[in-house]
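What follows is the residue order along each chain.
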Amino acid sequence: MSEAASTRSTAARRATPPAPPPALLPSLAPLLYEWLPRQRWFAGKGRPVTGFSLVAATELLPSSGGVTGAPGLLHLLVSVQQPAAATHGPPAPPVADCYQLLLGVRSALPPRLAPALVGHVQEGPLEGLTVYDALLDPRLAGLLLERLRNTGAPGALRFERDPSVVIPPGLTPRPLGAEQSNSSLVYGDSFILKVFRRVSPGSNPDLELPLALARKGCERVPAPVAWYEADNADDPYEPYTLGVLQPFLRGSEDGWQRALRALAVGNDFTADAQALGRATAEVHTALAGALPTVMLRKQQTEALAAAMTERLDAAAQAVPALVPYVPALRTAFDAFAARGRAGRAWPAQRVHGDLHLGQALRVPGGEWSVIDFEGEPSRPLAERRRPQPVVRDVAGMLRSFDYAARSHQPWDADWATRCREAFCDGYAKASGTDPRDEPELLRAYETDKAVYEVLYEARHRPDWLPVPLAAIHRLASSSPGARAPGHRRDTTAHRTTGPLPGTPRHSAPTRPPGTPSHSGPAPSSDTAAHRASDPPPDTDHTPGPTP
């Protein structure tokens with residue numbers, strides 16, 4: 001029996017934890033209505049919160065009730081009800097997302113913790129006390145690590161760890177403020193804990209896949225050291241993954257930072273791009289050996305192409321600049337479906353799901369590591385765990401090279417083309433399979449990604465919209481069956497007339513929204529995370545700066 005299966009079997013036999021006081025959530029609700037929508041990781045921005053329900057509550061550290069001034073630590077899983085996002089079709093039913101909250105409880109908040117304030121409770125079991133974001137309190141953040149060090153199952157929670165790894169006590173925690181859909185803590189520059197904020201029943205790929213890769217001996221991905229989950233009352237074999245502790249790759253540099261630095265000084269990046277291709281292929285090969293693979297045949301291919309077409313049509317309704325390209329872009333999806341109808345089948349397996357330059361770290365020794373296997377948090381968990389063609393990851397990285405090139409002025413179209421070619425060369429040498437030999441498949445996935453980017457930029461970063469629109473122009477102009485290098489060079493008028501209107505200058509932040517690094521303290525770095533942050537449609541899940 002696997003570690004995960006054994007753990008879940010144990011969970012299924014556990015007694016039901018004590019129920020929380022019924023007045024707990026009603027007493028916190030007035031504060032949460034105000035506080036939750038202001039958090040960077042809250043995915044439902046722009047829609048009113050209409051109600052809450054308590055999924056689970058665990059008191060990890062009892063509050064002194066103001067007697068000694070010592071803090072308490074309360075762990076909550078709260079279902080947040082909101083109306084569905086507006087669509088052009090019939091009104092959708094309300095939605096409910098589950099969020100993980102770690103709340104500190106004190107009689108009064110020290111000034112140093114003022115930014116963590118949630119509010120003052122007026123009634124209920126915490127009446128008269130102050131609640132705040134516990135991850136910003138070093139004392140409570142340290143307690144969370146102690147739980148992971150010692151394992152156990154308090155309340156609805158379960159803390160697990162790899163017994164072969166030593167986690168020293170007393171490591172100083174510090175939060176990383178650059179992330180968006182999750183939160184991370186670095187402990188003593190040795191470990192990084194990613195705390196998932198919006199959670200769903202079932203193994204999160206950011207735990208499931210690195211564990212599988214570690215069992216296969218793949219060293220391209222930091223292996224989980226410890227993790228914690230919550231029981232699911234509806235299905236004990238599908239718990240909520242809440243947090244993952246991994247080694248902190250001190251001194252590493254993410255691919256986005258490294259690419260921009262190369263552009264700034266006019267250095268070639270093809271050796272790095274080729275090495276990234278090899279690393280990606282090695283991860284894909286290990287995943288295929290660790291987890292089941294399937295074949296996509298006619299029915300699955302047509303379903304994928306139909307979903308891509310549906311996303312294109314929806315994006316065109318929201319972004320008028322996309323409308324003139326729709327007929328040509330549809331040919332990419334039609335050609336993909338036609339190959340399936342003609343009998344072509346493609347292997348599908350577990351993949352990264354959101355690969356881009358910000359998700360790759362070059363460690364001091366010169367090797368590349370791949371991080372953040374969560375996929376796009378805005379997508380349903382079942383979809384993110386579904387086997388897919390490896391070209392999905394390839395297309396994401398190809399789009400990321402394009403974003404990097406256009407973030408620097410003067411724009412050098414050849415830089416992106418060379419990187420795209422080098423990445424595919426490295427991938428082909430390491431895997432024996434060249435993604436450019438399946439032009440219909442690669443064009444369909446890159447087109448789908450560029451359409452997603454157009455919609456994201458139009459909604460959240462209009463100044464970046466010309467970047468994916470230039471790719472849309474290129475993809476709409478390409479032949480459906482032409483062999484794709486890193487795709488042919490973009491020969492639009494922007495090549496000779498200067499940057500696209502609104503394209504960010506090189507003076508823009510060297511780390512665009514959504515791409516912190518796992519680099520640790522460095523003179524010119526903000527010591528951001530072990531992974532690029534994960535924008536759902538209302539935050540950031542970007543390949544470089546893309547979504």
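Throughout this document, residue positions are counted from 1 along each chain, in the order its sequence is written. Local features are withheld for residues below a pLDDT of 70 in this predicted model, meaning they are given only at 70 or higher, and side-chain atom pairs are given and counted only at 80 or more; totals for whole chains, interfaces and linings count all residues. Excluded from the side-chain calculation are hydrogens and water; included are all heavy atoms of the structure.

Focus on helix 4 (residues 205-215)
Think of it in three bands: residues with accessible area under 20% of the maximum for their type are buried, residues over 50% are exposed, and the middle band is partly exposed, with areas taken using a 1.4 Å probe on protein chains only. A run of DSSP states H or I qualifies as a helix once it reaches four residues; a run of E qualifies as a strand once it reaches two. Both are numbered from the N-terminal end. Where burial is concerned, most of helix 4 is hidden: nine out of the 11 residues are buried. Pro205, Asp206, Leu207, Glu208, Leu209, Pro210, Leu211, Ala212 and Leu213 are the residues of helix 4 that are buried. Residues are treated as being in contact if the distance between any of their heavy atoms lies within 4.5 Å. Its buried side turned inward, helix 4 meets strand 9 (191-196), strand 11 (226-230), strand 12 (240-247), helix 6 (270-290) and helix 9 (381-384). Downstream of helix 4 by a residue or two, Gly217 has a phi angle that is positive, lying close to 80 degrees.

Re the pairing of strand 11
Most of strand 11 sits out of view: five of its five residues are buried. A two-sided burial pattern is seen for strand 11, the buried positions comprising Ala226, Tyr228 and Ala230 on one face and Trp227 and Glu229 on the other. One ladder, built from five bridges, connects strand 6 (residues 157-161) with strand 11; its direction is antiparallel. Among the inter-strand pairings, Arg161 is bridged to a residue of strand 11, identified as Ala226. Paired strands, in this sense, are two strands between which DSSP finds at least two bridges. With five bridges joining them, strand 11 and strand 12 adopt antiparallel strand pairing. Paired with Tyr228 across the bridge in strand 12 is Gly243.

Here we look at the sheet that holds strand 16 (residues 360-362)
If you trace the three strands from one edge of the open sheet to the other, you get 13-16-17, paired in antiparallel fashion. For this open sheet the edge positions go to strand 13 (253-254) and strand 17 (368-370), each flanked by a neighbour on one side alone. For strand 16 and strand 17, the ladder comprises three bridges, and the chain directions are antiparallel. Its bridge partner lying in strand 17, Ala360 is registered against Val370. Helix axes are fitted only over the stretch in contact, all axes being lines through C-alpha atoms; the angle between N-to-C directions runs from 0 to 180 degrees. Contacts between helix 6 and the sheet are confined to strand 16 and strand 17, with strand 17 contributing the most and set at about 45 degrees to the helix.

Things to note about the side chain of Thr280
Tracing the chain through its elements places Thr280 in helix 6. Residue Thr280 is classed as buried on the basis of its relative accessible area, which comes to 4%. Beyond its immediate chain neighbours, meaning those up to four positions away, Thr280 contacts Leu355, Phe423 and Tyr427.

Remarks on the environment of Leu381
Within the secondary structure, Leu381 sits in helix 9. A relative accessible area of 9% means that Leu381 is categorised as buried. In the structure, Leu381 is positioned 178 residues away from Ser203 in sequence and 8.5 Å away in space, judged by C-alpha atoms. Leave out the neighbours within four places in its chain, and Leu381 touches Ser200, Pro201, Gly202, Ser203, Asn204 and Pro205.

Keep in mind these values describe shape, not function.
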